[in-house]
Every structure is written in structure tokens, then in C-alpha cells.
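# An overview of the molecular structure
Each chain is listed here by its residues.
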Amino acid sequence: MITDRRKYQRFNVNLPVLYKKRVYFISYDGGKGRAKNISSGGALVFTKEDIPVLTSLKLIIRLINLEKEIKTVAEVVKSEPMWSGYKLNLKFIKISEKDKKILSKDYLVKSPSKILDSNE
């Protein structure tokens, strides 16, 4: 039997993400991507740019229908090339308890239509 060892359950989404790379406490130019799944512990994000493992990113995840932005700091734990860019597995290393709750199972199950944004 296969068991999921993740601490936080992930949910399928399609959300715009803005990021800035941080190296030695200095922020560099950033870019944008799409979060394809998310939990209160991390996210799977697709980007056009290859970002090395262990890179720290300042993220803004836009919850369009809620007119809310989640601001967090994440670390790249895995990066893989894909047909149209790169797939990044991110672990949140700094996120508020309020934002964790927004990304929690209860909120996503109760309000999935408010989280999904397939129009962008």
C-alpha cells in the first residue's frame, strides 16, 4: 500500500505567482509563474526560469476571486525541466498563521471555487 508522507495535504489550483530571488539577503529581479498545487506547507510552481535548489524566493500568490495576496518566503527543494519551462517544488519557510489557515484543507474544501482561477 502506498501512503502519502506529506505533512500537509495539497490541493490542485491554477494561481498566478510572482517571485523574487533572494541570495544572501539581497533581492534580485524576479518573474512570474503558476501554482498548480498548494498546501499550507508548500507549492508546486511552473516557471519559465530555471531556479536552483536551495534558492530562497519571496512569493506573492494571488487569490484572484478573494482579492487577496498571500506573501511568503519559500525555498526551492526540487527543480525539473519541463516541455515549456521548469517545475519547482517549493517549501514555505516563512508564512503567517492566517495565510496557513487560508491554504488549509478546511478552507479549500469549503470554498474551492474561490481559490481556483482558470481564466488567467
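Residues numbered from 1 in each chain as written. Predicted model: local features only at pLDDT ≥ 70, side-chain atom pairs only at ≥ 80, totals over all residues. Heavy atoms only, no water.

### Notes on the side chain of N89
Put simply, the rule reads: Segments assigned H or I by DSSP are reported as helices when at least four residues long, segments assigned E as strands when at least two residues long, and all are numbered from the N terminus. Relative accessibility under 20% of the residue-type maximum defines a buried residue, over 50% an exposed one, and the middle range a partly exposed one, all with a 1.4 Å probe and only protein chains included. In this description, contact between two residues means that some pair of their heavy atoms is separated by no more than 4.5 Å.
As for its position among the elements, N89 is in strand β6 (residues 85–94). A relative accessible area of 18% places N89 in the buried class. For N89, the residues in contact, after removing those within four places along its chain, are A43, L44, E75, V76, V77 and K78.

### Side note on the nonpolar core
Keep this limit in mind: Residues grouped as a nonpolar core are buried Ala, Val, Leu, Ile, Met, Phe, Trp, Tyr and Cys residues, joined through side-chain atoms within 4.5 Å.
I38, L57, L59, I61, I70, L90 and F92 are the most contacted members of the largest nonpolar core, which totals 22 residues. Counting only elements with at least two residues in this core, the list comes to β1 (11–23), β2 (26–38), β3 (42–47), β4 (56–63), β5 (68–82) and β6.

### Here's the deal with the environment of P52
Position of P52 relative to the elements: it lies in the loop between β3 and β4. Put simply, P52 and S79 are 27 residues apart on the chain and 6.7 Å apart in space, counted from C-alpha to C-alpha.

### Overview of the pattern of salt bridges
Threshold: What makes a salt bridge here is a side-chain nitrogen of Lys or Arg within 4 Å of a carboxyl oxygen of Asp or Glu, nothing more.
Enumeration according to the criterion identifies six salt bridges in this entry. One salt bridge connects D99 with K68, and the closest N-O pair in it is separated by 3.2 Å. Residue D99 is found in helix α1 (residues 97–102), and its partner K68 is found in strand β5; the two are separated by 31 residues along the sequence. Between K87 and E80 there is a salt bridge; the shortest N-O distance is 3.8 Å. On the accessibility criterion, E80 (26% relative accessible area) is partly exposed. Salt bridges linked by common partners bring K78, E80 and K87 together as one network.

### A short note on the confidence of the model for the protein
Test applied: pLDDT: the predictor's confidence for each residue, scored from 0 to 100.
Mean pLDDT over the protein works out to 81, with 76% of the residues at or above the 70 mark. The weakest mean pLDDT in the protein belongs to helix α3 (residues 112–115) at 50; the strongest belongs to β6 at 96. When the criterion is pLDDT under 50, residues 113–120 qualifies, and its contacts beyond four places in sequence or with other chains add up to 24 contacts.

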